[in-house]
Amino acid sequence: MEQITIQKTETAREKPDQANLAFGKHFTDHMFIMDYTEGRGWHDPRIIPYGPLSFDPSTAVLHYGQATFEGLKAYKTREGNIQLFRPYANMHRMNISNDRICIPQIDEEFCVNALKELVLIDQDWIPEAEGTSLYLRPFVIATEAQLGVHPSRTYKFIIIMSPVGAYYPQGINPVSIYVEQNYVRTVKGGTGFAKTAGNYASSLKSQEEAEKKGFTQVLWLDGVEKKYIEEVGTMNVFFKIKGEIVTPALDGGSILAGITRDSTIQLLKHWGMPVNERKITIEELFTAEARGEMEEAFGTGTAAVISPIGELVYGGRKMIINDNKIGAVAQRLYDAITGIQNGSIADPFDWITRVK
Ligand code: COI
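Residues numbered from 1 in each chain as written. Predicted model: local features only at pLDDT ≥ 70, side-chain atom pairs only at ≥ 80, totals over all residues. Heavy atoms only, no water.

### A look at the pairing of strand E8 (residues 154-164)
As a reminder of what qualifies: The buried label applies to any residue whose accessible area, calculated with a 1.4 Å probe on protein chains only, is under 20% of its type's maximum; exposed applies above 50%, and partly exposed to all values in between. Think of it this way: any DSSP run of H or I at least four residues long counts as a helix, any run of E at least two long counts as a strand, and we number them from the N terminus. At least two DSSP bridges between two strands are needed for those strands to be called paired.
Counting buried positions over the 11 residues of E8 gives 10, a clear majority of the element. One ladder, built from six bridges, connects strand E2 (residues 30-37) with E8; its direction is antiparallel. Residue pairing across strands places Phe32 opposite Ile159, the latter belonging to E8.

### Overview of the side chain of Asp122
Applicable threshold: His is not counted here, nor are the chain ends, while Lys and Arg score as positive and Asp and Glu score as negative. Salt-bridge detection follows one rule: a side-chain nitrogen of Lys or Arg within 4 Å of a carboxyl oxygen of Asp or Glu. For this analysis, a polar contact is any N or O atom pair within 3.5 Å, provided that within protein one partner can donate a hydrogen and the other can accept it, and provided that sequence-adjacent residues contribute only side-chain to side-chain pairs. Residue contacts follow a heavy-atom distance rule, with two residues in contact if any of their heavy atoms lie within 4.5 Å.
Among the secondary structure elements, Asp122 is positioned in the loop between helix H3 (108-121) and strand E7 (133-142). The charged side chain of Asp122 is buried without a salt bridge, its nearest counter-charge being Lys15 at 7.5 Å. Engagement of the side chain of Asp122 in a polar contact is seen with the backbone nitrogen of Asp29, the distance being 3.3 Å. Filtering out sequence-adjacent residues up to four positions away, Asp122 remains in contact with Thr28, Asp29, His30 and Met161.

### Section: the nonpolar core
Condition: Working definition of a nonpolar core: buried Ala, Val, Leu, Ile, Met, Phe, Trp, Tyr and Cys residues. They are joined through side-chain atoms within 4.5 Å.
Counting residues in each nonpolar core, the largest one holds 42 residues, and the members touching the most others are Phe32, Trp42, Val119, Leu136, Phe157 and Ile159. Broken down by element, the residue count for this core peaks at seven residues, all from H3. With near-sequence residues (within four places) excluded, Val119 lies in contact with Ala74, Ile82, Leu84, Ile126, Leu136, Met161 and Val355. One finds Val232, Phe286, Leu312 and Ile321 within the second-largest nonpolar core, a separate group that totals 26 residues.

### As for the side chain of Thr196
Here Thr196 shows up in the loop between strand E9 (175-179) and helix H4 (197-201). Once you skip the residues sitting within four places of it in the chain, Thr196 turns out to touch Ala67, Thr68, Phe69, Ile101 and Thr191.

### Focus on the domain arrangement of the chain
Operational definition: What fixes the domain bounds is an automatic or database domain assignment. Put simply, buried area is how much 1.4 Å-probe accessible surface two parts lose in total, over both of them, once they are put together.
Domains assigned within the chain are domain 1 (5-165) and domain 2 (175-342). Of note, the centres of domain 1 and domain 2, computed from C-alpha atoms alone, are 27 Å apart. Taken together, the 23 residues of domain 1 in the interface contact 22 residues of domain 2. Both sides together, the interface formed by domain 1 and domain 2 hides about 1900 Å², and carbon and sulfur atoms give 60% of it. When the buried surface of domain 1 facing domain 2 is broken down by residue, Phe85, Arg93 and Arg100 rank first, second and third, together holding 33% of it. If you look at where domain 1 meets domain 2, you find one salt bridge. For Asp262, the salt bridge goes to Arg86, with nearest N and O atoms at 2.9 Å.

### Quick word on the site of the ligand
Put simply, the rule is: Residue proximity to a molecule or strand is established when one non-hydrogen atom of the residue lies within 4 Å of it. A 1.4 Å probe and the Shrake-Rupley method give the accessible areas. Residues count as covered only by the protein chains that appear here. Residues are grouped as follows: Ala, Val, Leu, Ile, Met, Phe, Trp, Tyr, Cys and Pro are nonpolar; Asp, Glu, Lys and Arg are charged; all remaining types, including Gly, are polar.
Around the ligand, the structure places Phe23, Phe69, Gly71, Tyr135, Arg137, Tyr167, Lys195, Tyr200, Thr234, Thr302 and Ala303. Within the side chain of Tyr135, an N or O atom sits 2.6 Å from an oxygen atom of the ligand. One of the side-chain nitrogen or oxygen atoms of Lys195 is found 2.8 Å away from an oxygen atom of the ligand. If the ligand stood free it would expose 280 Å²; the protein chains cover 91% of that surface. Tallied by class, the residues present in the shell around the ligand amount to six nonpolar, three polar and two charged. Here the shell around the ligand spans two domains, and each of domain 1 (5-165) and domain 2 (175-342) adds at least three residues to it.

### Some words on a nonpolar patch on the surface
Applicable threshold: Patch membership needs two things, relative accessible area over 30% and no salt bridge, and members are linked within 9 Å if like-charged or within 5 Å if nonpolar (Val, Leu, Ile, Met, Phe, Trp, Tyr).
A cluster of nonpolar side chains, contributed by Leu53, Phe55 and Leu62, occupies part of the molecular surface with about 260 Å² of accessible area. Since its relative accessible area comes to 36%, Leu53 is described here as partly exposed.

### Regarding the packing of aromatic side chains
Here is the rule we go by: Centre distance within 6.5 Å is the pairing criterion for rings of Phe, Tyr and Trp, where only the six-membered ring of Trp is used; planes under 30 degrees apart are then read as stacked, over 60 as edge-to-face, and the remainder as tilted. Here, over-ring charges are defined by two tests on the NZ atom of lysine or the CZ atom of arginine: distance to the ring centre within 6 Å, and angle to the ring normal within 35 degrees.
One pass over the structure, following the stated rule, counts 14 aromatic pairs. Aromatic rings pair up to connect Phe32, Tyr36, Trp42, Tyr155 and Phe157 into one cluster. A cation sits over an aromatic face here: Lys279 above Tyr228, 4.5 Å from the ring centre. Its guanidinium or amino end placed over the ring of Phe286, Arg317 lies 4.9 Å from that ring's centre, counting from NZ or CZ.

Below, the structure written as structure tokens:
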């Protein structure tokens, strides 16, 4: 692959107040772009000033949603080092997503280097306040200008970056979850395991209705029997029932293989608390609750990190979990994951990639 060319901005953007970052509202000075052309492959990798892109109105992604994305974070350590959390896992997952919707494969190693170069250029944008980080959003869009329904012959791979705080306004405090019974997110054989734009578009209606009822997120059930729990809007889910930690197994292909999910499973195993990955019915959760065996629930995700679930509502039934307080396992995971990410504790798993 060619060298990345760099064009620096002449008008630096104003940096936001680190105390009020929220999620995905501010963007750094630069972005990375490369193009794909059938017969030529990926070409013209470049870092340029952040700014609008212009497209023909017939551009494929605008009509048929052929788009994939990733989310990962960069951190500045107390010593002033800069590091990324599991970037190779993200680039690998992007190729799994790309394959599902006929987007050509990216060179994973090259794209991790592109992430590093871009972070280095905008390193002053990495926030340092507690609970903040620089969120990196690589994405691929189909750019061919034509309306036939077939895979595009041209694409753009782009990385933008956003200084962020907690994804939920609650921070690490427990969130309330509405179990969705009408809409489904995906089915076996669909695109549920891939990080494609369409999965998120199809989640919006349910999310909007849940928010109107005062919930933070929805919990999706399987699309066929509406019986098995799958994942929450922006997170995978874990439960601690009578001492056993369980999470839905990935084998149906309808659940996103979260990188924080995988990190959680590895950490818990390392601590001698293995996770049972299996099918879990929504009824089982309410039975456990009725027996006083539901000890903890939490979600995992790059944006959400570890997010305790304090309340779950399904039909007319409601359960309050762990008195709506942060559980011990969730707190320990949050401390370990954020500690490894920001360099304040050792990384025995080789998850960190140093930028500087
Ligand atoms: C992430 O956690 O990075 C996500 O992609 C979830 C959401 C913000 C889309």
